[in-house]
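# Report on the structure
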Amino acid sequence: MPIPDFDPTQLTREQVLRALRQMDREGPRMPLSTVYDLVYRGRRYAPRAVAKLAYQLAIGQPDAAWPLPAGAATNRVLEQLDFTIATKRPTLANSPLDGDVAAQEAMQALYTGRETVPKQPKQAVKLEADAVSELAFAYSMPPSRPYQRAQALQELFISEARLDAALAALRRRRNLILQGSPGTGKTFLARRLAWLELGATDATRVELVQFHPSYSYEDFVQGFRPDAQGTFRLQDGVLLDFCRRAAQEPEHPYFLLIDELNRGNLSRIFGELLLLLEADKRGSAHAVRLPYAPADAPRFFVPENVFFIGTMNLADRSLAPLDYALRRRFAFVEMPPEFGPPLQEYLTGKGVPAAVVKRLTQRLTDLNQNITDDPDLGPDFRIGHSYFCAPPAAPAAAEEWLTLILEQEIAPLLDEYWLDQPAKATAQKKKLLAR
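As a starting point, this report considers the structure included with it. (Residues numbered from 1 in each chain as written. Predicted model: local features only at pLDDT ≥ 70, side-chain atom pairs only at ≥ 80, totals over all residues. Heavy atoms only, no water.)

### Structural notes on the environment of phenylalanine 224
Condition: Strands here are runs of E lasting at least two residues and helices are runs of H or I lasting at least four, both read from the DSSP assignment and numbered beginning at the N terminus. Any pair of residues with heavy atoms lying within 4.5 Å of one another is described as a contacting pair.
By the element assignment, phenylalanine 224 lies in strand β6 (residues 222-226). Separated by eleven residues in the primary sequence, phenylalanine 224 and glutamine 235 place their C-alpha atoms 6.0 Å from one another. Beyond its immediate stretch of four places on either side in the chain, phenylalanine 224 contacts Glu218, Phe232, Arg233, Leu234 and Tyr292.

Rendered as structure tokens:
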């Protein structure tokens, strides 16, 4: 029954919880805020949208306007009911990065990496045990900077034509796989393709996951997993959280990067979503019901602004080839080792002496040719250039730097390559390490 003179400050915690449950059922139709988040059980909600819905449910008027402005006035009502209001920090709900922002800031002293974003002043917030328990580590989102083609060509050891071909494949298929031997910069290129399409190094619209043999449908899509209290409950995986974020900004592209794509059991991970990966099966018109979802839950679809970029290491003999159902949904771009002029110019620009650059490129070129000619190996086992992309600042240390990489990283790999032919491995190492 309507309560026309209901005071918004008289909302109860149960009324707000009822609104949260309804918002969970309605999914991505409820937009997030741009300044504050209400954090509850590892999920994030727009505080004013929560308060408005709770108010409408309390007075029984679905079109009623929330009488208080967004920000401090609305936040105070919710905080008085022991809900956490956090300053905005873009993360995936239910991910290890989610949780209370104040707790994240308090943990910054444990982070020993380089400083990224300076701390911003924020209001004090109350900590909820269930949100704090999901905090895995302190995290600071790097600032977004403009990123253009000239910068990409300077960082990448590929030609402009090959870069354009990769971008064209991504735009055409929306699903791209970069494949090649170890150390060819596949993940490095994947991130920069996303940045080029975004025009900026925007970490909020690029997400990286890595597949492995234990990765499952429940991790990637949806399934029952234990919460902080040890109770199994239905939780969304990385893909659903990512698509929910993308659906809220249809005018911006979103990029999900899948590292080591072929290390996972892909049929097991993707399940029925193989259908939704197709470029012409995007959008709500192709939504499907997920196996674990309740009958009244919204159907799931992959938004049209979502792009997938995967990487594949072709040298791992333990991996099964991709099945044809998945393969035909992706475009493939080969990533060969690059020991030509681009790498040589890069190393010279970093102060590496010409003699060291010559030794490096000649030895690796010869080794890769021997690997390619070996019938038991082939081109998929060539050594990539990424091993040599971080030379020392002092030119005098370059010789020792190269020797240590060849001895400690490349030589052991050759022992693995020719495990059953130790004499051949020894001969190749002798050529590689000769002074």
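### Some remarks on the packing of helix α16 (residues 398-417) against helix α17 (residues 422-433)
The following threshold applies: Axis angles are defined between N-to-C directions and span 0 to 180 degrees, where every axis is a line fitted to C-alpha atoms and, for a helix, only to the segment in contact. Roughly parallel covers angles under 35 degrees, roughly antiparallel covers those over 145, roughly perpendicular covers 65 to 115, and oblique covers all other angles. When the near helix sits turned anticlockwise from the far one by under a right angle, the crossing is termed left-handed; a clockwise turn instead gives a right-handed crossing. Under this grouping Gly is polar, as are all residues other than the nonpolar Ala, Val, Leu, Ile, Met, Phe, Trp, Tyr, Cys and Pro and the charged Asp, Glu, Lys and Arg.
One can describe the packing of α16 onto α17 by two numbers: an axis separation of 9 Å at closest approach and a directional angle of 155 degrees. Regarding the angle of α16 to α17, the classification is roughly antiparallel. Along this stretch, α16 crosses α17, giving a crossing that reads as right-handed. Mapping the contact onto sequence places Leu406, Glu407, Ile410, Ala411, Leu414 and Asp415 in α16 and Ala425, Gln428, Lys429, Leu432 and Leu433 in α17. Split into classes, the residues belonging to the contact of α16 with α17 amount to seven nonpolar, one polar and three charged.

### A closer look at the pairing of strand β10 (residues 331-335)
Heads up, the condition is: Three labels apply to residues, based on accessible area from a 1.4 Å probe with only protein chains included: buried if under 20% of the type maximum, exposed if over 50%, partly exposed otherwise in between. We treat two strands as partners when DSSP finds at least two bridges between them.
The alternating pattern of β10 places Ala331, Val333 and Met335 on a buried face, while none of Phe332 and Glu334, on the opposite face, is buried. Strand direction decides the pairing type here: strand β4 (residues 175-180) and β10, joined by five bridges, are parallel. Looking at β10, one finds that isoleucine 177 is bridged to phenylalanine 332.

### As for the side chain of glutamine 428
Inspection of the secondary structure assignment puts glutamine 428 in helix α17. Residues in contact with glutamine 428, not counting those within four places in the same chain, are Leu367, Asn370, Leu414 and Trp418.

### Looking at the packing of aromatic side chains
Our working definition: Any pair of Phe, Tyr and Trp rings, taking the six-membered ring for Trp, is counted once the centres come within 6.5 Å. Such a pair is stacked with planes under 30 degrees apart, edge-to-face with planes over 60 apart, and tilted for the rest. Look at NZ for Lys and CZ for Arg. If either is within 6 Å of the ring centre and within 35 degrees of the ring normal, a charge sits over the ring.
Applying the stated criterion to the full structure yields 17 aromatic pairs. When the ring of phenylalanine 211 is compared with that of phenylalanine 270, the centres are 6.1 Å apart and the planes differ by 65 degrees; the resulting orientation is edge-to-face. Pair noted here: phenylalanine 211 is in the loop between β5 (206-210) and α9 (217-220) and phenylalanine 270 is in helix α11 (residues 266-270), with a separation of 59 residues, a long-range link. Phenylalanine 270 matches phenylalanine 211 in its accessibility class, with the two residues each being buried. Taking NZ or CZ as reference, arginine 13 lies 4.3 Å from the ring centre of phenylalanine 83, over its face. Seen from the ring of phenylalanine 332, arginine 327 lies directly overhead, with NZ or CZ sitting 4.7 Å from the centre.

### So, unusual backbone geometry
Of note, arginine 174 is a non-glycine position whose phi angle comes to about 65 degrees, a positive value. Among the secondary structure elements, arginine 174 is positioned in the loop between α7 (160-173) and β4. A positive phi is found at glutamate 260, a non-glycine position, where the angle reads about 55 degrees. On the secondary structure map, glutamate 260 appears in the loop between β8 (254-259) and α11.

So yeah, pure geometry; function would need other evidence.
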